[in-house]
Amino acid sequence: MKNWTLRFRAVDKKNFEEVKNAIKSIETRAGTIKYQPIEVGDTLTFVCGKDRCVKKIIKKFHWPSIDAMVKEINFKRIMPSIESIDEMKKIYASYPDYDKKIEGYGLLGFELK
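We now turn to the structure provided with this report. (Residues numbered from 1 in each chain as written. Predicted model: local features only at pLDDT ≥ 70, side-chain atom pairs only at ≥ 80, totals over all residues. Heavy atoms only, no water.)

**Observations concerning the layout of surface pockets**
Alright, step 1. Estimated volume of the largest pocket: approximately 600 Å³.
Alright, step 2. Those elements that place two or more of their residues in the lining of the largest pocket are β1 (3–7), α1 (13–20), β2 (26–30), α3 (85–94) and α4 (98–105).
Alright, step 3. In the lining of the largest pocket, the residues fall into 14 nonpolar, five polar and eleven charged. (1 Å grid on protein atoms, 1.4 Å probe; cavity = no way out; pocket = protein on both sides within 12 Å on 5 of 7 lines; lining within 4 Å. Points joined across faces, edges and corners; volume = space filled by probe spheres on them. Helix = DSSP H or I, 4+ residues; strand = E, 2+ residues; numbered from the N terminus. Nonpolar A, V, L, I, M, F, W, Y, C, P; charged D, E, K, R; others polar.)

Next up, the structure:
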């Protein structure tokens, strides 16, 4: 088992708070080589500025696309404060190079406890 550090940008503080308060139960990242070794049983230390919290991974997912992901998982478990899948897609597209990364590597999802 390993501990990984995942950072949230200050502009994404709301996402960090949702993870910390267990409102958001699944954290996703583009499935790049950096995140592929993360496994069930590992812990994730989430950092946003000076705040941090630790969660354990109880399930790992790998989807080829956002559409495949939302067929399997209710989008509210990933982005609790949004109202639609279109809104979710816009948010993913707002991250630097995310559309290219998802196209190349898919999405990884980590169910947290």
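What follows continues from the structure just given.
**Quick notes on the pattern of salt bridges**
Where charged atoms from two side chains of opposite charge approach closely, those side chains can pair.
Alright, step 1. Going through the model one piece at a time under the given rule, you end up with ten salt bridges.
Alright, step 2. A salt bridge links R29 to E27; the nearest nitrogen and oxygen atoms lie 2.8 Å apart.
Alright, step 3. Relative accessible area serves as the criterion here: at 3%, E27 is assigned to the buried category.
Alright, step 4. Where K89 meets D67, a salt bridge forms, and the shortest distance between an N and an O atom there is 2.7 Å. Of this pair, K89 sits in helix α3 while D67 sits in helix α2 (residues 66–72), placing them 22 residues apart in sequence. (Salt bridge = Lys/Arg side-chain N within 4 Å of Asp/Glu carboxyl O. Buried < 20%, exposed > 50% of the residue type's maximum accessible area, 1.4 Å probe, protein only.)

**Overview of the nonpolar core**
Alright, step 1. With 18 residues, the main nonpolar core has I66, M69, I78, M88, Y92 and L107 as its most contacted residues.
Alright, step 2. Mapped onto this core, the elements with two or more residues apiece are β2, β4 (51–63), α2, α3 and α4.
Alright, step 3. When residues of this core are assigned to their parent elements, the largest contribution, three residues, is made by α2.
Alright, step 4. Not counting the four nearest positions on each side in its chain, L107 is found in contact with T28, R29, A30, G31, F61, H62, W63, S65, I66, M69, Y92 and I102. (Core = buried A, V, L, I, M, F, W, Y, C linked by side-chain atoms within 4.5 Å. Contact = heavy atoms within 4.5 Å.)

**Describing the side chain of K55**
Alright, step 1. Here K55 lies in strand β4.
Alright, step 2. The side chain of K55 sits in the buried core without any salt bridge; E17 is the nearest counter-charge, 10 Å away.
Alright, step 3. Those residues in contact with K55, other than ones at most four positions away along the chain, are V19, K20, A22, D42, T43, L44, F46, L112 and K113. (Lys, Arg positive; Asp, Glu negative; His and termini not counted.)

**Side note on the sheet that holds β1**
Alright, step 1. Pairing in this open sheet of five strands is mixed, and the strands run β1-β3-β4-β5-β2 from one edge to the other. Strands with a single pairing partner mark the edges of an open sheet, and in this sheet they are β1 and β2. Taking each pair of neighbouring strands and ignoring which way they run, the sheet shows an average axis angle of 40°.
Alright, step 2. Across five bridges, the pairing between β2 and strand β5 (residues 107–112) is antiparallel. If you follow E27 over to β5, its bridge partner there is F110.
Alright, step 3. Across the face of the sheet, α1 comes into contact with β2, β3 (43–48), β4 and β5 while running at roughly 85° to β4. (Pairing = 2+ DSSP bridges. Axes fitted to C-alpha atoms, helices over the stretch in contact; angles between N-to-C directions.)

**As for the state of the cysteines**
Disulfides are covalent bonds that connect the sulfur atoms of two cysteines.
Alright, step 1. Per the stated rule, a full pass over the model turns up zero disulfides.
Alright, step 2. We note that C48 lacks a disulfide partner, and the nearest cysteine sulfur, in C53, lies 9.9 Å from it.
Alright, step 3. Under the relative-accessibility criterion, C48 is labelled buried at 4%.
Alright, step 4. The buried category is assigned to C53, whose relative accessible area is 11%. (Disulfide = S-S within 2.5 Å.)

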